Amino acid sequence: MTEAVIRNKPGMASVKDMPILQDGPPPGGFAPVRFARRIPNTGPSAMAIFLAAFGAFSYGMYQVGLGNKARRALKEEKYAARRAILPLLQAEEDERFVKEWKKYLEYEAEVMKDVPGWKVGESVYNSGKWMPPATGELRPEAW
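All residue numbers refer to position in the chain's written sequence, counted from 1. Since the coordinates come from a predicted model, pLDDT governs what is reported: local features require at least 70, and pairs of side-chain atoms require 80 or more to be given and counted, while whole-chain, interface and lining totals use all residues. Excluded from the side-chain calculation are hydrogens and water; included are all heavy atoms of the structure.

*Asks:* How should the overall build of the protein chain be read in this particular structure?
*Replies:* When its secondary structure is counted, the protein chain shows two helices and zero strands. Under the scheme applied here, a residue whose accessible area is under 20% of the maximum for its type counts as buried, over 50% as exposed, and between as partly exposed, the area being computed with a 1.4 Å probe on protein chains only. A burial count over the protein chain gives 4% of its 143 residues as buried. Contacts: residue pairs with any heavy atoms within 4.5 Å of one another. Within the protein chain, residue pairs in contact and separated by at least 24 positions form 34% of the contacts whose partners lie at least 6 positions apart. Only the protein chains shown count as covering a residue, and every accessible area follows the Shrake-Rupley method with a 1.4 Å probe. In the form shown here, the protein chain has an accessible surface area of approximately 13,500 Å², with 62% of it arising from carbon and sulfur atoms. Each helix is a run of H or I in the DSSP string that is no shorter than four residues. Each strand is a run of E no shorter than two, and both are numbered from the N terminus.

*Asks:* Would you explain the UniProt feature "transmembrane region" (unreviewed entry) in the protein chain in this entry?
*Replies:* Under the feature "transmembrane region" (unreviewed entry), the UniProt entry names residues 45-62. In this annotation, residues 45-62 is assigned 94% helix and 0% strand; the end-to-end C-alpha distance for the span is 26 Å. UniProt positions are given in the numbering used here, feature names are shortened, and annotations may be inferred rather than shown by experiment.

*Asks:* It is not clear to me how the pattern of salt bridges should be interpreted in this structure. Could you clarify?
*Replies:* Here the idea is simple: oppositely charged side chains can pair when their charged atoms come close. One speaks of a salt bridge when a side-chain nitrogen belonging to Lys or Arg is within 4 Å of a carboxyl oxygen belonging to Asp or Glu. In total, this model carries three salt bridges according to the counting rule given. The residue R83 makes a salt bridge to E76 at a minimum N-O spacing of 2.8 Å. For E100, the salt bridge goes to K103, with nearest N and O atoms at 3.7 Å. Of this pair, E100 and K103 are both found in helix α2 (residues 46-111), three residues apart, which corresponds to roughly one turn of the helix.

*Asks:* Honestly, a nonpolar patch on the surface in this entry has me stumped. Any pointers?
*Replies:* Taken together, the side chains of V115, W118, V120, V124 and Y125 make up a nonpolar region of the molecular surface, amounting to roughly 500 Å² of accessible area. Position of V115 among the secondary structure elements: in the segment after α2. Excluding any residue in a salt bridge, patches collect residues exceeding 30% relative accessible area, merging like charges within 9 Å and nonpolar Val, Leu, Ile, Met, Phe, Trp and Tyr side chains within 5 Å.

Here it is as structure tokens:
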């Protein structure tokens, strides 16, 4: 479209012939410009945030307590199983010890046969109590 059609002035030859048309505000004026800082008052309050955090912490501690109880129960079950098989393990160890002790006494008799007054198997200590040999003494795999 031409300017002549828009301004209803047919036959204009130059821009200078055009009437002045200045932009202005709409009738009633523009809407007011909001320039003030307005922070929305939405979202949870400080008390709500605190209560939510406290609730989450409390629930977490409750779960920790349940985990501790479960772990304690498993530990007790493991110890009960160990206590149940302890006599069997002790019997096996006693049997192994007796076999090794007999071998040890035979070896001692062979080694000390030339020593007068030597009693095979007699303790060199005078405590009067029987004490098993030190750990590994009758374990050839540890020598």
